[in-house]
Amino acid sequence: MSSKTKKMLLLLLVLALLILAYVVLTRPWEQAPNEEQPAEPETETYTVLQVTPETLIAYSYTFDGTEYAYRLTEDATRWLWEGDETLPLDNGEITAMISMVTNVTSTVRYDGVAESALSDYGLADGCVRMTFTFEDGVTQAVRFGKTNVFNGLTYFCREDEPAVVYMVQPYIASVFELTPQQIVQQDELPTFAETQLHALRVTLGERSVLCDYDYPEGEEADAESVRVMTAYEGEGADGQVLEEAIAASIVDTLVGLSFGSAATFDPAAWEQYGVGETPRGELQVFYTYTHKVENSETGATTSTELQTMYRLYLGEWTDDGRVWARLSDCSGVYAVDLSAVLALVGE
């Protein structure tokens, strides 16, 4: 037998031994037909906090060292922040917050924790604290502490049982990291397309200008007519067709107009912005919107354009050249750029 053949046989033997070792190590041990496998030990789950939204009437939490307290109105239609009850809070945001604590559970529990040791878990002074008050007068107070770097869970305890510390999911407390200003329901201006804009009236002081945005009539009308904006000042006055660039600027302003964050929602502060009971000016915007009705029998949808309008109270100028404004049926005061529109009345 040649040396080359011997080496080949040796390699094949080594390969066979490796295959045999793999089969032995990875093959599951056979079980006797009537022998049961030992059961895996079950992990106990503890319910550490339950909040029933239907019976919740007040709650509070700390964020960045400040406590924010909220209460439900007597008619149970909206939530109020006790620091400023004029803020129109977003019920949807609050519902999302409360949904995080409807049923908080834990699989990690430490009993007999000394009060002096709570700081080790971040559950002493300076911790995140939450309270929930229900219509039967019962209040639940809880604390959230440090987050464990090894398993990513946050330490938690109930204030009526501080000697028992649990570990819960960290996102629960993070949902409450909001100031009241961040959960405000901002007012929204109606939206419409350029083809749905029909007219506007702007009033400032003694001057009032009505602008009609429509197709020309009479001898000037033809198949290729485009819409023009005609301005009327005073009853019975002749209309003046605005230059195309001026009209386009006004249309772009109204179609794209929107609010940012409100400066205030407090009616007591309206006067200082000039949008109180006797506002400095007023803008009325006339437009149409598409109303769709579906036939319950045929499933066919019918669309109709309906006319409507909104009224914007105008106040003082801002430092950056905008104007304070408030929707007539809302409480928020916003800074908006209406320079193209206010140029109609000399502003």
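Up top is the structure.
These notes cover the structure that comes with them.

### Concerning the overall build of the protein
Within the protein one finds six helices and 18 strands. Counting across all 347 residues of the protein, residues that qualify as buried make up 35%. Expressed as a percentage of contacts within the protein between residues at least 6 apart in sequence, the contacts between residues at least 24 apart total 58%.

### What to know about the sheet that holds strand β16 (residues 301-317)
With antiparallel pairing, the eight strands of this open sheet are ordered in space as β14-β13-β12-β11-β15-β16-β17-β18. Each edge of the sheet is formed by a strand with only one pairing partner; in this case those strands are β14 (240-241) and β18 (334-336). As paired strands, strand β17 (residues 323-327) and β18 are joined by three bridges and run antiparallel to one another. Residue pairing for β18: tryptophan 324 is matched across the bridge by alanine 335. The sheet contacts of helix α4 (residues 244-256) involve β11 (197-204), β12 (207-214), β13 (228-233) and β15 (281-294), and relative to β11 the element is tilted by about 95°.

### Things to note about the nonpolar core
Judged by nonpolar contacts, the single largest core of 70 residues is most densely connected at Tyr59, Tyr61, Phe132, Leu283, Leu312 and Leu338. Ignoring sequence-local partners within four residues, the contact set of tyrosine 61 consists of Thr66, Glu67, Tyr68, Tyr70, Met97, Arg129, Met130, Phe176 and Leu178. Ranked by size, the runner-up nonpolar core spans 10 residues in total, among them Ala117, Tyr121, Tyr155 and Met167.

### Structural notes on helix α2 (residues 91-99)
Where α2 is concerned, the buried positions are Ile94, Met97 and Ile98. Along the axis of α2, the buried positions cluster into a sector of 95°, meaning they face one direction only. In this structure, the buried side of α2 is in contact with β2 (56-63), β4 (79-81) and β7 (128-134). By the N-cap criterion, in which a side-chain oxygen at the helix start approaches the backbone nitrogen of a residue two or three places on, α2 is capped by aspartate 90, the distance to glycine 92 being 2.8 Å.

### So, unusual backbone geometry
Phi angles above zero are rare outside glycine, and aspartate 64 is one such case at about 55°. Here aspartate 64 shows up in the loop between β2 and β3 (66-72). At alanine 76, a residue that is not glycine, the phi angle is positive and equals roughly 60°. Along the chain, the position of alanine 76 falls in the loop between β3 and β4.

### So, the environment of aspartate 329
Its place among the elements puts aspartate 329 in the loop between β17 and β18. Separated by 142 residues in sequence, aspartate 329 and aspartate 187 place their C-alpha atoms 9.9 Å apart.

Thresholds applied
- Residue numbers run consecutively from 1 along every chain, following the written order of its sequence.
- This being a predicted model, a pLDDT of at least 70 is required before a residue's local features are given, and a value of 80 or more before pairs of side-chain atoms are given or counted; all residues contribute to the totals for chains, interfaces and linings.
- Neither water nor hydrogens contribute to the side-chain values; these are computed over all heavy atoms in the structure.
- Think of it this way: any DSSP run of H or I at least four residues long counts as a helix, any run of E at least two long counts as a strand, and we number them from the N terminus.
- Three labels apply to residues, based on accessible area from a 1.4 Å probe with only protein chains included: buried if under 20% of the type maximum, exposed if over 50%, partly exposed otherwise in between.
- What makes two residues a contact is simply this: any of their non-hydrogen atoms within 4.5 Å.
- Pairing between strands is defined by DSSP: at least two bridges between them are needed.
- Axis definition: a line fit to C-alpha positions, over the contact stretch in the case of helices; interaxial angles, taken between N-to-C directions, run 0 to 180 degrees.
- Within this scheme, the nonpolar core is defined by two criteria: the residues are buried Ala, Val, Leu, Ile, Met, Phe, Trp, Tyr or Cys, and they are joined through side-chain atoms within 4.5 Å.
- Our arc is simply the arc of the directions from the helix axis toward the C-beta atoms.
- Within 3.5 Å is the distance limit for a polar contact, defined as a pair of N or O atoms, with the added protein rule that one can donate a hydrogen and the other accept it, and that residues adjacent in sequence qualify only through two side-chain atoms.

Scope: geometric values only; no functional claims are made or implied.
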